[in-house]
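Here is how the chains run, residue by residue.
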Amino acid sequence: MAVLRRNGKIREPLSGVSGRPHSTDFYARDTVRVARDLLGCILESRAGGSQTAGRIVEVEAYVGPHDPADHGYGNRQTQRNSALFGPPGSTYVYFIYGAHWCLNAVTERPGYPSAVLVRAAEPLVGLDVMRRRRQTADPRKLCAGPGRLCQALGITGAHNARSLADGPVRILRAPRGSESAIVESPRIGISKATDWPLRFYFDESPWVSARRRPKSSPSSTPDT
């Protein structure tokens with residue numbers, strides 16, 4: 001594919017990405033702040049020996065043991081969710097529905113189960129690899145959704161509990177000019193705390209997984 005269309009404009013695919021990864025201090029903060037600040041950053045993977053990358057356009061915050069939708073709710077630690085209790089700036093990759101991997105960036109402090117789920121990205125690098133992995137030529141179906149995103153970038157359980165600064169999956173600082181209006185809405189695909197406004201995405205991006213406008217007056221906002 002020679003070009004991609006974004007916001008009605010033509011964008012040439014990149015031959016590579018550059019930039020510095022975020023330090024631990026970036027992730028060792030309030031989870032909601034980290035979630036919003038991850039928008040526009042570059043998610044890069046070298047899984048399988050192939051470089052793929054995308055611009056993060058949609059995330060969700062899971063804010064700790066008081067969050068009923070958080071895998072660490074009640075501070076219950078298991079073998080499956082142990083990486084969620086790891087150091088900030090590491091990955092928490094889990095398997096759902098017996099079919100999909102999901103990538104999270106661990107936040108705040110060791111022992112505190114909070115993280116940001118990366119839900120969608122704008123494909124930038126390695127489109128041929130992404131299309132082969134996803135078995136689709138539609139660019140909007142490459143990284144729109146956490147399962148699609150991980151499949152396109154080759155992210156699996158082998159990348160669990162790894163550093164996002166120097167591991168095979170990294171998050172690089174947002175390039176200049178990547179700012180955009182941010183929409184805040186309830187999280188999707190969950191059955192608990194469904195009205196907590198902890199999903200964030202770029203308003204004008206065509207690459208988000210779904211669009212769900214925020215309620216005018218959320219009835220329950222978490223203490224984060």
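Everything numeric in this text was worked out from a predicted model, so none of it was measured.

Overview of the environment of Phe202
Along the chain, the position of Phe202 falls in strand 10 (residues 199–202). Separated by 143 residues in sequence, Phe202 and Val59 place their C-alpha atoms 9.7 Å apart.

Things to note about the environment of Arg176
With respect to the secondary-structure elements, Arg176 resides in the loop between strand 8 (169–172) and strand 9 (182–185). Separated by 136 residues in sequence, Arg176 and Gly40 have C-alpha atoms that sit 9.3 Å apart.

Observations concerning the packing of aromatic side chains
Considering all chains together, one arrives at three aromatic pairs under this definition. On the numbers, 5.2 Å between centres and 40° between planes, the contact of Tyr92 with Tyr94 is tilted. Assigned by exposure class, Tyr92 and Tyr94 land together as buried. Geometrically, the ring pair formed by Phe95 and Trp101 is tilted, given 4.6 Å between the ring centres and 45° between the ring planes. On the accessibility criterion, Trp101 (29% relative accessible area) is partly exposed. Taking the ring centre of Phe26 as reference, the NZ or CZ of Arg29 above it sits at 4.8 Å.

Considerations on unusual backbone geometry
Residues apart from glycine generally show negative phi values, whereas peptide bonds are mostly found in trans. For Gln135, which is not glycine, the phi dihedral falls at a positive 55°. The phi dihedral of Ala161 falls on the positive side, at around 60°, and the residue is not glycine. Note on placement: Ala161 falls in the loop between helix 4 (146–153) and strand 8.

Rules and cut-offs
- Residues numbered from 1 in each chain as written.
- Predicted model: local features only at pLDDT ≥ 70, side-chain atom pairs only at ≥ 80, totals over all residues.
- Heavy atoms only, no water.
- Helix = DSSP H or I, 4+ residues; strand = E, 2+ residues; numbered from the N terminus.
- Phe/Tyr/Trp six-rings, centres within 6.5 Å; stacked < 30°, edge-to-face > 60°.
- Buried < 20%, exposed > 50% of the residue type's maximum accessible area, 1.4 Å probe, protein only.
- Lys NZ or Arg CZ within 6 Å of the ring centre and 35° of its normal.

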